[in-house]
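# Notes for the structure review
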Amino acid sequence: MRVCWLVSKDRRHQPIRLGHSTCVLIGRSPETKITDKKCSRHQVQLKADYNKGHVLVKQLGINPSNINSEDVGKDREVKLKPGQILHIVNQLYPYTIEFGENISEKKNLSSKRPHEEISPNSDSSTLNKYLKTDHLSPREHNPCNHKPERKKEKTKEGQTRTAVNSAEVTEKKDFQGMWKQGLIYAMQDPTCQVYKDDTVVAMKDKYPKARFHWLVLPWEPIPSIKAVRRDHLNLLKHMNDVGEKLVQESLDSKALKFRLGYHAIPSMSHLHLHVISQDFDSPSLKTKKHWNSFNTDYFLESQDVMKMVEQNGKLTVKEGMSELLKMPLMCHVCQQQLSTIPQLKEHLKNHFP
């Protein structure tokens, strides 16, 4: 299978796979390790054409991006061919593209599963091979969670304090901004996708809160559920249909119950529908906020959202929703109140052995 890779000439990071006819945003991010403030988080948009053997580069940032020292130009699209050099911003951060075999294997990079085209109509064994969430803590394998060692220093009064590097503070702010935009990047990655069509893409939640936890996102740039209007009703219905099909094709669909819905105040940018099994058996479910975001009125049922948008033309979120995240922990099956997340998880084993 032919693939296209974006390769960092100065080897700042591993090659980034560019899917065929898929828009990928490149800029300042933990993935590229670019921290230059003159580089936008969405500096360039790349779209590979496997058939023609080139990549269309569109400059989105304010500062210039270059191909072979010639400016791309704001909002212009220029072809990037193998052998040419793309500088992301201000003649810095050089990249080239390579078409061919999976170079990640050749360079002994971290192994990833090969992308397999699947859809809600794929057979159950294929879907469950890729859709079921692994019971490993994502934070253990996430390089973004690495904290640099901080130096100790003494004050004039003789007290010891921890010195905080200004670059570390800047990097943290950058990462927080990138984290909120994380879905926009992840949905472009073919290795994350479990289904896609011309309207939506579905993928596993990076930090699943249950055995099965998927997200369905539209390609259309809709920031959140609050931005949805009556014109989006057909889109909401299609997102719901895709979620339902993923559930139906799951081997555990008869043994487990699922809910489809949206968070009233989402923590991530870009509209996304949660499709989640009700076992909540996952090491990524760690806090009261995690639990209550799916088990109080903070979680808006997909059917209710579509009904409200159809009747009122938009979704109205009640005031005080954030207070629901502070409610006591309560089992969603038998309504027994528990004091801590570990106690709640142990209790859930009675319902979901």
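Relevant structure appears above.
For every chain, the first residue of the written sequence is number 1, and numbering continues from 1 onward in sequence order. This being a predicted model, a pLDDT of at least 70 is required before a residue's local features are given, and a value of 80 or more before pairs of side-chain atoms are given or counted; all residues contribute to the totals for chains, interfaces and linings. In computing side-chain properties, one takes all heavy atoms of the structure into account and sets aside hydrogens as well as water.

### A word on the overall build of the protein
Worth spelling out the cut-off: Numbering goes from the N terminus for both helices and strands, where a helix is a DSSP run of H or I of at least four residues and a strand is a run of E of at least two. Burial classes: relative accessible area under 20% of the type maximum marks a residue as buried, over 50% as exposed, and values in between as partly exposed (1.4 Å probe, protein chains only). Note on contacts: a residue pair qualifies if any of its non-hydrogen atoms lie within 4.5 Å across the two residues. To be clear on the numbers: accessible area is Shrake-Rupley with a 1.4 Å probe, and residue cover counts the displayed protein chains and nothing else.
Scanning the protein for helices and strands turns up 8 helices and 20 strands. When each of the 353 residues of the protein is scored for burial, the buried share is 46%. Here the analysis covers contacts within the protein between residues at least 6 apart in sequence; of these, 57% occur between residues at least 24 apart. As presented, the protein carries roughly 19,500 Å² of accessible surface, and 48% of it is formed by carbon and sulfur atoms.

### Concerning the pattern of salt bridges
Stated precisely, the cut-off is as follows: We define a salt bridge as a contact between a side-chain nitrogen of Lys or Arg and a carboxyl oxygen of Asp or Glu at a distance within 4 Å.
What the rule picks out here adds up to 6 salt bridges. Here Lys-74 ties to Asp-75 by a salt bridge, and the two come within 3.4 Å at their closest N and O atoms. Note on Asp-75: relative accessible area 48%, which makes it partly exposed. The partner of Asp-281 in a salt bridge is Arg-211, with the nearest N and O atoms 3.3 Å apart. Of the two residues, Asp-281 sits in the loop between strand S17 (273-277) and helix H6 (288-295) while Arg-211 sits in the loop between strand S14 (200-204) and strand S15 (213-218), which places them 70 residues apart along the sequence.

### Quick notes on the sheet that holds strand S16 (residues 258-263)
Convention followed: Whether two strands pair depends on DSSP finding at least two bridges between them. Every angle, taken between N-to-C directions, lies between 0 and 180 degrees, and every axis is a line fitted to C-alpha atoms, over only the stretch in contact when it is a helix.
Across the sheet, 6 strands lie side by side as S13-S14-S15-S17-S16-S18; this open sheet has antiparallel pairing. Two strands bound the open sheet, and with one partner strand each, they are strand S13 (193-196) and strand S18 (299-301). Sheet twist, expressed as the average angle between the axes of neighbouring strands with direction ignored, equals 30 degrees. Pairing analysis gives 4 bridges linking S16 to S17, with the strands arranged antiparallel. In the sheet register, Phe-258 faces S17, and the bridge partner there is Ser-277. The sheet contacts of helix H5 (residues 233-248) involve S13, S14, S15, S16 and S17, and relative to S15 the element is tilted by about 155 degrees. Packed on one face of the sheet, helix H7 (residues 302-312) meets S16, S17 and S18 and runs near 70 degrees to S18.

### Comments concerning the environment of Val-55
Mapped onto the fold, Val-55 is located in strand S5 (residues 54-59). Residue Val-55 is classed as buried on the basis of its relative accessible area, which comes to 0%. In this view, Val-55 contacts Cys-4, Leu-18, Leu-46, Lys-47, Ala-48, Val-78, Lys-79, Leu-80, Ile-97 and Phe-99; residues no more than four positions away in its chain are not counted.

### A few points about the side chain of Thr-32
Put simply, the test is: Polar contact criterion, stated in full: a pair of N or O atoms within 3.5 Å, where within protein one must be able to donate a hydrogen and the other to accept it, and residues adjacent in sequence count only if both atoms are side-chain atoms.
Among the secondary structure elements, Thr-32 is positioned in the loop between strand S3 (23-26) and strand S4 (44-49). For Thr-32, the side chain forms a polar contact with the main-chain oxygen of Gly-27, separated by 2.7 Å. Every residue in contact with Thr-32, bar those within four places of it in the chain, is listed here: Arg-12, His-13, Ile-16, Ile-26, Gly-27 and Tyr-95.

### Details of H6
Within the sequence span of H6, burial applies to Trp-291, Asn-292, Ser-293, Phe-294 and Asn-295. On the buried face of H6, the contacting elements are S15, S16, S17, S18, strand S19 (329-330) and helix H8 (341-348).

### Some thoughts on the side chain of Asn-240
Tracing the backbone shows Asn-240 in helix H5. The exposure class of Asn-240 is buried, given its relative accessible area of 5%. At 2.7 Å, the side chain of Asn-240 and the side chain of Ser-302 are in polar contact. Each residue touching Asn-240, except ones within four places of it in the same chain, is listed here: Leu-260, Leu-273, Ser-302, Gln-303 and Met-306.

### Section: the environment of Tyr-185
Inspection of the secondary structure assignment puts Tyr-185 in helix H4 (residues 182-186). In the structure, Tyr-185 is positioned 160 residues away from Leu-25 in sequence and 6.7 Å away in space, judged by C-alpha atoms.

### Examining the nonpolar core
This is how the line gets drawn: Side-chain atoms within 4.5 Å are what join buried Ala, Val, Leu, Ile, Met, Phe, Trp, Tyr and Cys residues into a set we call a nonpolar core.
Counting 35 residues, the largest nonpolar core has Val-216, Leu-236, Met-239, Tyr-262, Leu-271 and Val-305 as the members making the most contacts within it. Elements represented by at least two residues in this core include exactly S13, S14, S15, H5, S16, S17 and H7. By residue number, the principal contributor to this core is H5, which donates 7 residues. Once residues within four sequence positions are removed from consideration, Val-305 is found in contact with Ile-225, Leu-236, Tyr-262, Leu-300 and Leu-315. Of all hydrophobic cores here, the second largest spans 27 residues; its members include Val-3, Leu-18, Val-24 and Ile-88.

### Observations concerning the packing of H5 against H7
Definition in use: Throughout, the term roughly parallel applies to angles under 35 degrees, roughly antiparallel to angles over 145, roughly perpendicular to angles from 65 to 115, and oblique to all others. Residues are sorted three ways: Asp, Glu, Lys and Arg are charged, Ala, Val, Leu, Ile, Met, Phe, Trp, Tyr, Cys and Pro are nonpolar, and all the rest, Gly among them, are polar.
Contact geometry for H5 and H7: axes closest at 10 Å, N-to-C directions at 170 degrees. As the angle between them shows, H5 and H7 are arranged roughly antiparallel. Contact residues: Leu-233, Leu-236, Lys-237 and Asn-240 in H5; Ser-302, Gln-303, Val-305, Met-306, Val-309 and Glu-310 in H7. The residue inventory of the contact of H5 with H7, partitioned by class, reads 5 nonpolar, 3 polar and 2 charged.

### Section: the sheet that holds strand S9 (residues 86-89)
With respect to topology, 6 strands assemble into an open sheet ordered S2-S1-S10-S9-S6-S7, the strand pairing being antiparallel. Two strands lie at the open edges of the sheet, namely strand S2 (16-18) and strand S7 (70-71), each paired on one side alone. As defined by bridge partners, strand S6 (residues 66-67) adjoins S9 across 2 bridges and the pair is classed as antiparallel. Residue pairing in the sheet places Ile-67 in a bridge with Leu-86 of S9.

### Structural notes on empty space enclosed by the protein
We apply this condition: Using only the protein atoms, space was sampled on a 1 Å grid; points where a 1.4 Å probe fits but cannot get out form cavities, open sets with protein on both sides within 12 Å along at least five of seven lines form pockets, and lining residues are those with an atom within 4 Å of a point. Grid points are joined across faces, edges and corners, and a volume is the space filled by probe spheres set on the points.
With the rule as written, the count across this model stands at 1 cavity of 30 Å³ or more. Each pocket or cavity is described by its volume, and for the largest cavity that value is around 60 Å³. For the lining of the largest cavity, the residue count by class is 5 nonpolar, 4 polar and no charged.

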